[in-house]
Amino acid sequence: MSKKKAVVLVSGGLDSTTCLVLAKKQGFELYALTLFYGQRHEVELKAARKVSKACGVKKQLELKVPLTAFGGSALTDKKMKVPKQATVKAIGKGIPSTYVPARNTVFLSLALAWAEVLQAEHIFIGVNALDYSGYPDCRPEFIQAFERLAKLATKKGVQGTWKLKIHTPLIHMSKAQIIKTGLKLKINYGLTHSCYDPKANGAACGCCDSCLLRAKGFQEAGVKDPISG
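Read on for a plain summary of the structure. (Residues numbered from 1 in each chain as written. Predicted model: local features only at pLDDT ≥ 70, side-chain atom pairs only at ≥ 80, totals over all residues. Heavy atoms only, no water.)

A few words now on the overall build of the protein chain. A tally of regular secondary structure across the protein chain gives 7 helices and 5 strands. Listing the helices and strands of the protein chain from first to last along the sequence gives β-α-β-α-β-α-β-α-α-β-α-α. Since a compact globule built from 229 residues should have a radius of gyration of about 17 Å, the 17 Å found for the protein chain is in line with a globular shape. Expressed as lengths along the three principal axes of its C-alpha atoms, the size of the protein chain is roughly 50 × 40 × 30 Å. Looking at the 229 residues of the protein chain, the share that counts as buried comes to 50%. Looking at the protein chain alone, contacts between residues at least 24 apart form 75% of all its contacts between residues at least 6 apart. As displayed, the protein chain has an accessible area near 11400 Å², and 55% of this comes from carbon and sulfur atoms. In the protein chain, the 35 positive side-chain charges and the 16 negative ones have mean positions that sit 4 Å from each other. (Helix = DSSP H or I, 4+ residues; strand = E, 2+ residues; numbered from the N terminus. Rg over C-alpha atoms; globule rule 2.2 N^0.38 Å. Buried < 20%, exposed > 50% of the residue type's maximum accessible area, 1.4 Å probe, protein only. Contact = heavy atoms within 4.5 Å. Areas by Shrake-Rupley, 256 points an atom, 1.4 Å probe, with all protein chains shown as cover. Lys, Arg positive; Asp, Glu negative; His and termini not counted. Charge placed at Lys NZ, Arg CZ, Asp CG, Glu CD.)

See the structure below:
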């Protein structure tokens, strides 16, 4: 009997890696979608390849989506500075400059298109609405709205032959809970990358929102981050 297919958005970060392994545990045949959108932390693409290989995905597809043409984010416009904080308490006070306009809408739209071609009724995305930077497209309301849209915007959805489900297994978990879950699944977090503004050698900066949230998660989980110095 063939496995159910799932398209999983894989960035190479801690959350998307955990999401990928959770999909694997549920018995899905995995199709990993990785987007190069002109992000300054391009090193995460290498991490996505390592993670996908380690998980034994059926296929990993990499697409170029040059959101740099729009700008408007510190992640895609190198003229803008990635905000650095002294402590994690300063995170989440409004929407930060690292927000990429409509990023998850674009990503899910591409995942949706591939899923319809594959006849896959499941999409996994590692969004999180608890330990996160305040992005509006990581909230449950957004995911629910997109799922409704998907059923209206696709051939199979209109025909009523496609019961699409967008899975967000991490959405209500703290970073520490995500890490503990991943460790139980034997995830090698040494393959992952999280920094928004890595150094020239690829090492994490240690003080962007993503680095601080990752450090907080490992500290609260009571384990050492394998990529920390």
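Once you've had a look at it, read on.
With that settled, consider helix 4 (residues 140-153). Between its terminal C-alpha atoms helix 4 stretches 20 Å, which fits the 20 Å expected from 14 residues at 1.5 Å a residue. Within helix 4 the residues assigned to the buried category are Phe142, Ile143, Phe146, Glu147 and Ala150. End-on, the buried residues of helix 4 take up no more than an arc of 135°, which puts them together on one face. Summarising the geometry of helix 4, the exposed residues directed more than 90 degrees from the buried face are Arg148 and Leu152. At its buried positions, helix 4 is contacted by helix 3 (103-118) and strand 5 (165-167). (Expected span 1.5 Å × (residues − 1). Arc of directions from axis to C-beta.)

Read from one edge of the open sheet, 5 strands run 3-2-1-4-5, paired in parallel fashion. Single-partner strands in this sheet number two, and they are strand 3 (59-64) and strand 5. Taking the axes of each pair of neighbouring strands and ignoring which way they run, one obtains an average angle of 25° across the sheet. Two strands pair when backbone bridges link them, and strand 1 (residues 5-9) and strand 4 (residues 122-124) are joined in this way by 3 bridges, in the parallel orientation. In the strand pairing of strand 4, Ala6 is matched with His122. (Pairing = 2+ DSSP bridges. Axes fitted to C-alpha atoms, helices over the stretch in contact; angles between N-to-C directions.)

Here we come to the nonpolar core. Counting 38 residues, the largest nonpolar core has Val7, Leu9, Leu108, Ile123 and Ile143 as its most contacted members. Residue assignment for this core shows that the elements contributing at least two residues are strand 1, strand 2 (29-36), helix 3 and helix 4. Sort the elements by how many residues they give to this core and helix 3 lands first, with 7 residues. Residues within four places of Val7 in sequence aside, it is in contact with Tyr31, Leu33, Ala111, Trp114, Ala115, Leu118, His122, Ile123 and Phe124. Of all hydrophobic cores here, the second largest spans 26 residues; its members include Phe28, Ala48, Val57 and Leu170. (Core = buried A, V, L, I, M, F, W, Y, C linked by side-chain atoms within 4.5 Å.)

Moving on: the packing of aromatic side chains. Tallying each qualifying case throughout the model produces 6 aromatic pairs. Ring centres 5.8 Å apart and planes at 90° place the aromatic pair Tyr31 and Trp114 in the edge-to-face group. Here Tyr31 is found in strand 2, whereas its partner Trp114 is found in helix 3, with 83 residues between them in sequence. According to the relative accessible area criterion, Tyr31 is buried, its value standing at 7%. Measuring from centroid to centroid gives 6.0 Å for Tyr189 and Phe218, while their planes differ by 90°, and the two rings are edge-to-face. Of this pair, Tyr189 sits in the loop between helix 6 (175-184) and helix 7 (209-221) while Phe218 sits in helix 7, and the two are 29 residues apart along the sequence. Phe218 carries the same exposure label as Tyr189, and that label is buried. (Phe/Tyr/Trp six-rings, centres within 6.5 Å; stacked < 30°, edge-to-face > 60°.)

Counting through the fold element by element, Arg214 comes out in helix 7. Engagement of the side chain of Arg214 in a polar contact is seen with the side chain of Thr192, the distance being 3.0 Å. When residues no more than four places from it in sequence are discounted, the contact partners of Arg214 are Leu14, Lys175, Ile179, Tyr189, Thr192, His193, Ser194, Asp225 and Ile227. (Polar contact = N/O pair within 3.5 Å; in protein donor to acceptor, adjacent residues only side chain to side chain.)

Going through the model one piece at a time under the given rule, you end up with 1 cavity of 30 Å³ or more. Every residue lining the largest cavity is counted, 35 residues in all, and those nearest its centre are Ser11, Asp15, Arg103, Gly126 and Tyr196. Sorting the residues of the lining of the largest cavity by element identifies helix 1 (14-25), strand 2, helix 2 (43-55), helix 3 and helix 7 as the ones contributing at least two each. Looking at side-chain class alone, the lining of the largest cavity contains 16 nonpolar, 13 polar and 6 charged residues. (1 Å grid on protein atoms, 1.4 Å probe; cavity = no way out; pocket = protein on both sides within 12 Å on 5 of 7 lines; lining within 4 Å. Points joined across faces, edges and corners; volume = space filled by probe spheres on them. Nonpolar A, V, L, I, M, F, W, Y, C, P; charged D, E, K, R; others polar.)

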